[in-house]
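Here is what each chain is made of, one letter per residue.
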Amino acid sequence: MSEQREKTDDYDHHGGFPVYKAAEDGGGPDFGRLIEALRTVQDLAVSTAPPADVVKRAADQAEALAALLEPHRVPEGAQIGGRCMNLPGRGSLLMLPWTIEKFDDTGVRSTGVFRRFHLGGNGAAHGGTLPLVFDDLFGMITHAYGRPISRTAYLHVNYRSVTPINRKLVIEGQVDRVEGRKTFVSARMVDENGVLVADCEALMLVLLPGQP
Ligand SMILES: CC(C)(COP(=O)(O)OP(=O)(O)OC[C@H]1O[C@@H](n2cnc3c(N)ncnc32)[C@H](O)[C@@H]1OP(=O)(O)O)[C@@H](O)C(=O)NCCC(=O)NCCS
Ligand SMILES: CCCCCCCCCCCC(=O)O
């Protein structure tokens, strides 16, 4: 259980992953606003039925926004999104906008909601969105435990009750055991009343030098 618990920024231990550093100034004063506005646009894009003239104006504005950002593409690791530890979901649009409440070598806890963007059917979150939340949590758990960035070898979700959207949920997990390159992790997702929504276990594998 206590194998390799010292934290390291030595990227010789992170396989072929590029060097990741937190974004300067947490992304600046307006990046959080930008990401939250884009998340709201995502919600609205999949939950509205506007008339054709509004669709045309929205498309024009979306294309104008894309043109504004297009000249500022940078390689992986240099972008702002995903490196803002102060923002929900690290300021990544792929990650759900959940907030970390606990982060240490005994485990990680995060809270948040599945939004309308994550709707599957009949008011429930899409089943494919839960592995995303668990997988990202497992990355944080292995990092908090002092293990190098690892790749997920397998991830098993048990869906125990229907996952509501727009209701606060809590996810918490920890390292269960370590065997050489293998880190076995597990986590549970519960609602505000403690009702089990899902649980998950996974194997995270430390990469070999240069391994993609
Ligand atoms: C996971 C991956 C790194 C493993 O490849 P590898 O480094 O060559 O590792 P190995 O196949 O030698 O496996 C190492 C150990 O893990 C075990 N293992 C690997 N995959 C496993 C799986 N899916 N289930 C159970 N055990 C597994 C092996 O049995 C081996 O155990 P042992 O040392 O006791 O014999 C590789 O298959 C891969 O890159 N897969 C894609 C990962 C990915 O894209 N994940 C999502 C994004 S992070
Ligand atoms: C300081 C920013 C930290 C960002 C770390 C990103 C690590 C990405 C690992 C991706 C693993 C995966 O594909 O599931």
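Rules used in this analysis
Residues numbered from 1 in each chain as written. Chains lettered and ligands numbered in written order. Predicted model: local features only at pLDDT ≥ 70, side-chain atom pairs only at ≥ 80, totals over all residues. Heavy atoms only, no water. Helix = DSSP H or I, 4+ residues; strand = E, 2+ residues; numbered from the N terminus. Polar contact = N/O pair within 3.5 Å; in protein donor to acceptor, adjacent residues only side chain to side chain. Contact = heavy atoms within 4.5 Å. Salt bridge = Lys/Arg side-chain N within 4 Å of Asp/Glu carboxyl O. Buried < 20%, exposed > 50% of the residue type's maximum accessible area, 1.4 Å probe, protein only. UniProt positions renumbered as here; feature names shortened; annotations may be inferred. Near = heavy atom within 4 Å. Areas by Shrake-Rupley, 256 points an atom, 1.4 Å probe, with all protein chains shown as cover. 1 Å grid on protein atoms, 1.4 Å probe; cavity = no way out; pocket = protein on both sides within 12 Å on 5 of 7 lines; lining within 4 Å. Sits in = over half its atoms within 2 Å of the grid points. Points joined across faces, edges and corners; volume = space filled by probe spheres on them. Nonpolar A, V, L, I, M, F, W, Y, C, P; charged D, E, K, R; others polar. Pairing = 2+ DSSP bridges. Phe/Tyr/Trp six-rings, centres within 6.5 Å; stacked < 30°, edge-to-face > 60°.

Another aspect to go through is the side chain of Ser 92. Secondary-structure assignment places Ser 92 in the loop between helix 2 (52-69) and strand 1 (99-104). Of the polar contacts made by the side chain of Ser 92, one reaches the backbone nitrogen of Leu 94; its length is 3.1 Å. In contact with Ser 92, other than residues within four places in its own chain, are Arg 39 and Gly 82.

Throughout the structure, instances matching the rule amount to 12 salt bridges. Between Lys 56 and Asp 60 there is a salt bridge, and its shortest N-O distance comes to 2.9 Å. Of this pair, Lys 56 and Asp 60 are both found in helix 2, four residues apart, which corresponds to roughly one turn of the helix. Overall, the relative accessible area of 52% leaves Lys 56 in the exposed class. By relative accessible area, Asp 60 is classed as partly exposed at 38%. The network of salt bridges with common partners includes Glu 101, Lys 102, Arg 109 and Glu 172.

Our next topic: the UniProt feature "domain: Thioesterase" (unreviewed entry) in the chain. In the numbering used here, UniProt assigns the feature "domain: Thioesterase" (unreviewed entry) to residues 122-197. Annotated as 21% helix and 43% strand, the span residues 122-197 places its first and last C-alpha atoms 16 Å apart.

Further remarks concern the site of ligand 2. Around ligand 2, the structure places Tyr 20, Lys 21, Ala 22, Gly 82, Met 85, Asp 135 and Arg 151. Between ligand 2 and Asp 135 there is a distance of 3.4 Å, counted from an oxygen atom to a side-chain nitrogen or oxygen. Contact with the protein chains hides 62% of the accessible area of ligand 2, taken as 440 Å² for the molecule alone. Its atoms largely coinciding with the cavity grid, ligand 2 occupies the largest pocket.

Applying the stated criterion to the full structure yields two cavities of 30 Å³ or more. Within this model, the largest cavity holds a volume of roughly 40 Å³. Its residues placed into classes, the lining of the largest cavity shows three nonpolar, two polar and three charged.

On to the pairing of strand 6 (residues 196-206), then. Burial of strand 6 is extensive: eight of the 11 residues sit out of reach of the surface. Pairing geometry for strand 3 (residues 150-159) and strand 6, over nine bridges, is antiparallel. Residue Thr 152 lies in a different strand from strand 6, and its bridge partner there is Met 204. Pairing between strand 5 (residues 182-191) and strand 6: nine bridges, direction antiparallel. Its bridge partner being in strand 6, Thr 183 is matched across the sheet by Met 204. Counting the residues in the hairpin turn of strand 5 and strand 6 gives four residues, including Gly 194, whose phi is positive at 85°.

Scanning the entire structure with this criterion turns up three aromatic pairs. Arranged with centres 5.7 Å apart and planes meeting at 75°, the rings of Trp 98 and Phe 114 form a pair that is edge-to-face. In this pair, Trp 98 sits in the loop between helix 2 and strand 1 while Phe 114 sits in the loop between strand 2 (107-112) and helix 3 (129-144), placing the two residues 16 residues apart along the sequence. Exposure remark for Trp 98: the relative accessible area of 7% places this residue in the buried category. For Phe 114, a relative accessible area of 0% translates into the label buried.

On to the site of ligand 1. Close to ligand 1 lie Arg 151, Thr 152, Ala 153, Tyr 154, Arg 181, Lys 182, Leu 203, Leu 205 and Gln 211. Here an oxygen atom of ligand 1 sits 2.7 Å away from a polar atom, N or O, in the side chain of Gln 211. Of all the elements in the fold, those that place two or more residues in the shell around ligand 1 are strand 3 and strand 6. With four residues, the top contributor of residues to the shell around ligand 1 is strand 3. For the shell around ligand 1, a count of residues per class yields four nonpolar, two polar and three charged.

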